[in-house]
Amino acid sequence: MKLADVCRSMEEWAPLAWQESYDNAGLLVGDPTMEVKGVLISLDCTEEVVEEAIQKGCNVIISHHPIVFKGLKSLTGKNYVERTVIKAIQHSVALYASHTNLDHAPKGVSYHLAQKLGLAGKVLLPAENALKQISYYVPVENQESVREALHAAGAGNIGEYSACSFASEGIGRFTPSNEANPVIGQRSIATDVKEVKVDMIFPTHLESTILHALKKAHPYEEVAYFIHSLSNRWNEVGAGFIGELDKAMSGEDFIQWVKKSLDLTAIRHTPILSKKIKKVALCGGAGSFLIAEARRQGADAFLTGDLKYHEFFDGENSCMLCDIGHYESEVMIKDAIHTYLSNIFSNFAVLKSETLTNPVRYA
């Protein structure tokens, strides 16, 4: 099994197109054609994690946080980033990161944080500009085979419904040139054909795949189609998570319940509100950008990491803000990646790192 196969599987779950513009997810170090001997999964990639991979016979590390985040202008070992990369290269250990693309993916980081809390719900801020619509014309007798090819390529999925499309019949007219090789009709003669116009929605990042499938399955030499950008939000993809607890609880009880559920030693939070906590929003990692959205949707509490002093005021005494720590809000994604890859690959070891990479300690 090649490294490219592992990368491809990760990107089927969390396509690189879903990462933020500032991010650096994907394969950072390694030859895609190298044979995989073992995979080590970690939240962070450090020198200690690379050493652990070496000792365990793993030549691939998949981390959530990319070790190469900003541009490297040299590799001299002057900081932990350069030393980690050098060590990985020296020992032929590939480094792969699935970061904000995995934050945004269905059943991504925030979803699994919500699962630890037993919280059922939905994406807090669905992605925009992530969907397109394709409209194409096909002879009536070929409509099913072409439709099935596009569904297989990833078109026509809407929420819990698959193989979705809309079709309308009409008469198509065209005149082949003297250089054409028409499947139907003759050169230089106008031809009328009973056709079906089919509309389907698809993820933006699959556009080239969808077009390839259309042109391969379509009988015409020249395929007539249109692609439209949509302003629809994609409810399954996006940032954060929001849901309701089975039972409302006081702010004090809520704090203690979160600490117990996530095995936390401390939580930084805004003053306890007099109202009960029922609707909870959250975001793994640094999620302060979602405070306003959480409040807009009526969240009684919002959990995330890395809140700054002045951001605690943004709760506006209506939503209790809880900083549970960056590491603590994302570490459970190791289990999710392990389960995902273990179900796909059985011919090499998929291990979870035992190295504690959290640089924060509480006294």
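Located above this text is the structure these notes cover.
Residues numbered from 1 in each chain as written. Predicted model: local features only at pLDDT ≥ 70, side-chain atom pairs only at ≥ 80, totals over all residues. Heavy atoms only, no water.

(A) Looking closely at the overall build of the chain. A count of helical and extended segments in the chain gives 11 helices and 15 strands. Taking the principal axes of its C-alpha atoms as reference, the chain extends roughly 85 × 55 × 40 Å. Out of the 363 residues in the chain, the part that is buried amounts to 48%. Taken as two groups, the 35 positive and 44 negative side-chain charges of the chain have centres that lie 3 Å from each other. (Helix = DSSP H or I, 4+ residues; strand = E, 2+ residues; numbered from the N terminus. Buried < 20%, exposed > 50% of the residue type's maximum accessible area, 1.4 Å probe, protein only. Lys, Arg positive; Asp, Glu negative; His and termini not counted. Charge placed at Lys NZ, Arg CZ, Asp CG, Glu CD.)

(B) View of the sheet that holds strand S1 (residues 26-29). Strand order in this open sheet of 5 strands is S1-S4-S3-S2-S15, and the pairing throughout is mixed. On the outer flanks of this sheet lie S1 and strand S15 (349-352), each paired with one strand and no other. On average, each strand axis in the sheet is tilted by 25° relative to the strand beside it, whichever way the strands run. Against the sheet, helix H11 (residues 333-344) engages strand S2 (38-42), strand S3 (60-63) and S15, with an angle of about 170° to S15. (Pairing = 2+ DSSP bridges. Axes fitted to C-alpha atoms, helices over the stretch in contact; angles between N-to-C directions. Contact = heavy atoms within 4.5 Å.)

(C) Fine view of the pattern of salt bridges. One pass over the full model with this rule turns up 15 salt bridges. With a closest N to O distance of 2.7 Å, Lys 56 and Glu 354 form a salt bridge. Of this pair, Lys 56 sits in the loop between helix H2 (47-55) and S3 while Glu 354 sits in the segment after S15, and the two are 298 residues apart along the sequence. (Salt bridge = Lys/Arg side-chain N within 4 Å of Asp/Glu carboxyl O.)

(D) Quick look at the sheet that holds strand S9 (residues 225-229). Spatial strand order, S7-S8-S6-S9: 4 strands in an open sheet with antiparallel pairing. Since the sheet does not close on itself, it has two edges, and those belong to strand S7 (166-174) and S9, each with one partner. Across the sheet, the mean angle separating the axes of adjacent strands is 25° when strand polarity is ignored. Sheet analysis places S7 next to strand S8 (residues 191-203), joined by 9 bridges and oriented antiparallel. Following the sheet pairing, Phe 166 is matched in S8 by Asp 199. Against the sheet, helix H6 (residues 143-153) makes contact with strand S6 (131-139), S7 and S8, and its axis sits at roughly 160° relative to S6, the strand it touches most.

(E) Just the pairing of S8, in detail. With respect to burial, S8 is a largely interior element, 10 of its 13 residues being buried. In terms of strand pairing, S6 meets S8 through 9 bridges, oriented antiparallel. Across the sheet, Gln 133 pairs through a bridge with Ile 201, a residue of S8.

(F) Representation of the packing of aromatic side chains. Applying the stated criterion across every chain, the model contains 9 aromatic pairs. Ring geometry for Trp 13 and Tyr 340: centres 4.8 Å apart, planes at 45°, overall tilted. Taken together, the residues span a long stretch of sequence, with Trp 13 in helix H1 (residues 3-13) and Tyr 340 in helix H11 at a distance of 327 residues. Overall, Tyr 340 belongs to the partly exposed group, its relative accessible area being 22%. With a centroid separation of 5.5 Å and an interplanar angle of 85°, the aromatic rings of Trp 18 and Trp 234 are classed as edge-to-face. (Phe/Tyr/Trp six-rings, centres within 6.5 Å; stacked < 30°, edge-to-face > 60°.)

(G) Representation of the side chain of Ser 9 in the model. Looking at the secondary structure, you find Ser 9 in helix H1. Residue Ser 9 is classed as buried on the basis of its relative accessible area of 8%. Apart from the residues lying within four places of it in its own chain, the contact partners of Ser 9 are Tyr 340, Ile 344 and Phe 345.

(H) Focus on the nonpolar core. Of all hydrophobic cores here, the largest spans 34 residues; its most connected members are Trp 13, Val 39, Ile 62, Leu 102, Ile 333, Ile 337 and Leu 341. Going through the elements one at a time, H1, S2, S3, strand S4 (94-97), strand S10 (234-249) and H11 are the ones with two or more residues in this core. The element best represented in this core is H1, accounting for 5 residues. Residues contacting Ile 337, with those up to four places away along its chain left out, are Met 10, Trp 13, Ile 41, Ile 62 and Leu 102. (Core = buried A, V, L, I, M, F, W, Y, C linked by side-chain atoms within 4.5 Å.)

(I) Inspection of unusual backbone geometry at higher detail. For Ala 163, which is not a glycine, the phi torsion comes out positive at approximately 55°. One can find Ala 163 in the loop between H6 and S7. The phi torsion at Asp 263 lies on the positive side, around 55°, for a residue other than glycine. Along the chain, Asp 263 turns up in the loop between helix H8 (251-262) and strand S11 (268-269). For Asp 263, a relative accessible area of 70% puts it in the exposed group.

(J) Just the side chain of Ser 63, in detail. Topologically, Ser 63 is positioned in strand S3. Judged by its relative accessible area of 3%, Ser 63 falls in the buried class. Side-chain polar atoms of Ser 63 contact the backbone oxygen of His 65, separated by 2.8 Å. Setting aside chain neighbours within four positions, we find Ser 63 in contact with Ser 42, Leu 43, Asp 44, Cys 45, Tyr 96, Ala 97 and Ser 98. (Polar contact = N/O pair within 3.5 Å; in protein donor to acceptor, adjacent residues only side chain to side chain.)

(K) Expanded view of H8. Counted at 1.5 Å a residue, the expected span for H8 with its 12 residues is 16 Å, and the 17 Å between its end C-alpha atoms agrees. By the burial criterion, the buried members of H8 are Gly 251, Phe 254, Ile 255, Val 258 and Leu 262. Considered in projection along H8, the buried side chains sweep an arc of 100° and stay on one side of the axis. Buried positions along H8 lie against helix H5 (109-116), S10, S11, strand S12 (277-286), strand S13 (301-305) and strand S14 (320-323). (Expected span 1.5 Å × (residues − 1). Arc of directions from axis to C-beta.)

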